[in-house]
Every structure is written in structure tokens, then in C-alpha cells.
Amino acid sequence: MNDYSILQPLLLQAAGVLLVAFYQRHNVPAHVNLLISSAFVTVPVFWLTSLDDVGMLFLFDICVPLVMFRELWVHGFRFPRRAVTITVVVFLVPFLSFPLSYAFLDSSYFAFHEVLTFLFLYRALLICCAVAILMSVVNKMPLDGIAKLAGWQSILLLAWGALQYLGGVDLVVYERLKDVENVVDLKLSGEQQILFGFGFLGLFRGAVPQMVVVTLFWWMLLIERNKGSHWQGNWIFPAMALGAICVLGTLSRSGLIAVAVAYAYCLVTLSKRRILAIVVVAMTGLLGGFFLASSPVIELASELFLDRFDADQLMGQSGSGVTRIQSALALFGDLADDPWRWLAGLGGFNPIAAHDRYGVYGMHGDFLDVIARHGLIVGLIMSAVIFSFFLYGLKGLFGGSDKEKQLARAVVVLALGFGLLGLTQGVLMFSGAAGYLASAHSWMAIGVAVAMREKLDRKRKDLFRQKGFPYA
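So, here is what we can say about the structure in this document. (Residues numbered from 1 in each chain as written. Predicted model: local features only at pLDDT ≥ 70, side-chain atom pairs only at ≥ 80, totals over all residues. Heavy atoms only, no water.)

Our focus in this paragraph is unusual backbone geometry. Working note: non-glycine residues mostly have negative phi, and peptide bonds are mostly trans. In the Ramachandran plot, Leu-201 falls in the positive-phi region, its phi being about 50° despite a non-glycine side chain. What makes Leu-201 buried here is its relative accessible area of 0%. Even without glycine at this site, Leu-251 takes up a positive phi of about 60°. Tracing the sequence through the fold places Leu-251 in the loop between helix H11 (236-250) and helix H12 (253-269). (Buried < 20%, exposed > 50% of the residue type's maximum accessible area, 1.4 Å probe, protein only. Helix = DSSP H or I, 4+ residues; strand = E, 2+ residues; numbered from the N terminus.)

So, on to empty space enclosed by the protein. Within this structure, the stated rule accounts for seven cavities of 30 Å³ or more. A volume near 90 Å³ is recorded for the largest cavity. In terms of lining, the largest cavity is formed by 15 residues, of which the most central are Ala-354, Tyr-361, Gly-362, Asp-369 and Arg-373. Counting residues per element, the ones that place at least two in the lining of the largest cavity are helix H18 (351-358) and helix H19 (366-374). (1 Å grid on protein atoms, 1.4 Å probe; cavity = no way out; pocket = protein on both sides within 12 Å on 5 of 7 lines; lining within 4 Å. Points joined across faces, edges and corners; volume = space filled by probe spheres on them.)

The next point concerns the nonpolar core. A general tendency of soluble globular proteins is for nonpolar side chains to be buried together. Of all hydrophobic cores here, the largest spans 144 residues; its most connected members are Phe-60, Phe-200, Trp-218 and Trp-443. Tallying contributions element by element places helix H5 (residues 110-138) first for this core, with 16 residues. (Core = buried A, V, L, I, M, F, W, Y, C linked by side-chain atoms within 4.5 Å.)

On to H12. With 17 residues, H12 should cover 24 Å at 1.5 Å per step; its first-to-last C-alpha distance of 25 Å lies within 8% of that length. Those residues of H12 lying buried are Arg-253, Ser-254, Gly-255, Ala-258, Val-259, Ala-262, Tyr-263, Tyr-265 and Cys-266. The residue sitting at the N-terminus of H12 and contributing the capping side-chain oxygen is Ser-252; that oxygen lies 3.1 Å from the backbone nitrogen of Gly-255. (Expected span 1.5 Å × (residues − 1). Polar contact = N/O pair within 3.5 Å; in protein donor to acceptor, adjacent residues only side chain to side chain.)

Time to look at the side chain of Gln-210. Its place among the elements puts Gln-210 in helix H9 (residues 207-225). With near-sequence residues (within four places) excluded, Gln-210 lies in contact with Phe-418, Leu-421, Gln-425, Gly-426, Val-427, Ala-438, Ser-439 and Ser-442. (Contact = heavy atoms within 4.5 Å.)

Inspection of the secondary structure puts Thr-269 in helix H12. In this structure the C-alpha to C-alpha distance between Thr-269 and Ala-410, which are 141 residues apart in sequence, comes to 10.0 Å. Here the side chain of Thr-269 touches Tyr-265 through a polar contact of 2.8 Å, landing on its backbone oxygen.

Written as C-alpha cells, this is what we have:
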């Protein structure tokens, strides 16, 4: 890690998260506040160098077991029914497929792979526990407090990113720890540092657009549930402005497309606030243009933009697009040549075997990754189950009550954003620490949406019974 320390950015981010958590202390119970806020401390509190990025320990890893123990101690916690289904997808299937890994590994890799898999399964279990706790809380109290806390923490997180990309404040953490593609020293040394193309505060580049999508979800929920409060609802536009800056700063091509589609949907849905939206977007463009034009690295930054978004890169003729296409073709060829892959895959989280067979440590994209890990049949079943979560959340979009439509409109943001991002990067599946916290945020958002949908179903069912009609 050279002379760079994670202590300074960790304290900086933790202080900001603590302020928001304290500000929102009356809206949510303390243990829920701790659970959600800890997920926004994206800088690792500890890093074990020998395990690379897998050795990053986050505050979330510590707080979730504490909150779970508190839930078990206080009133004997029971997993909500649909949280069990999420646990099957996120934890149980990888756990059961783990023994298959040994069929694809040289014995010299066993010890290393077991450590990686243990850490992966532990984090998968933590995500399931966090989702179950939030779903249980949503069943017992109004959703607004959770949405407000997550929404404000999201704005703060994106503000840090905008400070890096536009303000030139160096908050690059993940790429320094992992030394991604050995470009860190080249871009972050000398008098002309290049801060574009990286993540910030522990988030790697691909996780940034994912966090922007989750941010939109929380604020769409708040707008739809507080239509009389223009002050509350209008905060989605600063969130969108900060998110646009962050996605552009990461130079993420798939992220730019996914976020642009999600933004377009939000602006159409919030048509009554369109004038304000246009003003915010225009001001963001002017502000960004001013900072870029006055930047001493504008020429180098322009070269980066042109390289990332040239025709060959976008068409997959050069750069990472080539790797994505080649690995996908290798996977399909493997499925065609070896029927065993239809059932076994690579034995769950198996980066070593994935690299040996496909030239990558994990498929670029959830859709292919789940098939590569668990085989075609299991992978398609898991994909169908995940798809069902979104369909369930979208229930009532066209024919439900106002509250059902409000929830469904927010879920559309997740469906559009995650659906497009999942084509080229991990969203709900993760490996190492690269997408771990972003995946946790994504699953928690899905869990909250599903729990709220169940709550609305129960209310409708009770209403029908009170009126003497069978529930339909």
C-alpha cells in the first residue's frame, strides 16, 4: 500500500456517516440505524495484505453479527418467509455446491480456495441476516424512517465521490489496496494526478453506478410516500446530479447506460417536477464543465474519456470488452462440450477454476456468472427466483392502490438499473470484496421492497375479509 494509509479516509467517512446517523436517530430504532449506517462505511477498517481484496474487513462485517445477536437475544428472531428464499439463493446454493469445487482444482490450491470460499460464504450469510432483519422491521413499523436514513446516507456517499472527481480531493482507496491493473502508480503519482476511472472510499469503479441506482430507489420511495412534502421530494434531484458526476468520473460505460435509463424513467415519472429537474441537470453540467475546464489535468482526462468511449471499446473490439466476449464464448463452448457443466458448473465460488477454464476470475455479469458457478440448470432456476422478486415488487404497478403503485414505481428503478448492469458486471453476486457492500445494499433494497409488498398484501387481505369478500 506504499505510503498511503486507509486510516484517514476511514475516519473521514465514518465521521460523516455518524453525523447522518445521529441526525436520523429519531426515525429508526438504534439497532436498525447501526445496521444501515455501517453498510455506508465503505472504507475497510482492516486489510490483510496476504488475502488481497478478500482480506478487507468492513464495519458492516462487525455490526451485522452484533445486531443479529441482539435480535436473537431480545425476542427470539424468526426469518421472514421470503427472507428464507433469499437465503437459499445467496447462501445455501453456494454452500451446497462448495464440495463440487474439489473436482475442478489441483490439490495444491485446496487450502487457498477453502479460505476464499469460507470468507465468501460468511459474507453471503451476513447479507442474508441483514436482509432478514430489515424485512422483519418493515413488517412492524412504517418504511419512511428506513428510507430517509438510507437516502441521506446515499447522498453523503455520492457527495464524497463528487468531491473527488470535481474537487480533485484524492479519496481513492480500493484501487490502491488492490493495485488494479497496475495503473495506480501511473495515474496517482506526480504533480498531475488522475482521479477519473477509479472508485472512491473503498468502492471500486463498477460499484459506483450500482450505488446510484440504489440511491434512486430510496428517494423514489420517499417521493411517492410523501407527495405533499415538496421539500422532502426535491432532494432526489441533487442525488441525481451527484450520481451523474460519480458515474462519469468512474468512466463506467455500462454504468453510464444503466444510470441514464434509470434517470430517464425517474424524470418521466416525476414529470410534475420536470422544470426543477432541468434546472438541476443544467447546473450540474455547468458546474462540471467549469471544474473540468479549470483542471490542470484536463488534457489527460480528455484522453481517458476518448479511450474509454471510442468505437472499438464500445463494440468490444479492444479493452475489457474483448475479455467479456471471449470469456462468454468459452463458457458457452464449455456447456456444449461437457454436459456435466449443465449440473455442476464450477462448484460455486471458484475463481481459480474459472480463470483456468475461461480466462477470468469471475464472469463479467450476474446472468453468466450464476450459470458458470452453478451450472445451466441451477443457474437458470436461481435467475428465475431472483426475477420473481422483482415481479412481486412490481405487482400493482398498473392496477393496484396508490401505495402499491408508489412501491412498484420505485422497484422499476431497481429492475431497470440492475437488469442492465447485470449484463456486464456483478450486481447481486459478488466475489472477494470488490462488489460485496454494493451487493449488500442491493439485496437490502430488494428485501425492503419485498417486505413492503407483503405488508400491503396483508392489509388488502384484511380489508377484503372485513367487507365479507374472499381475498383475490
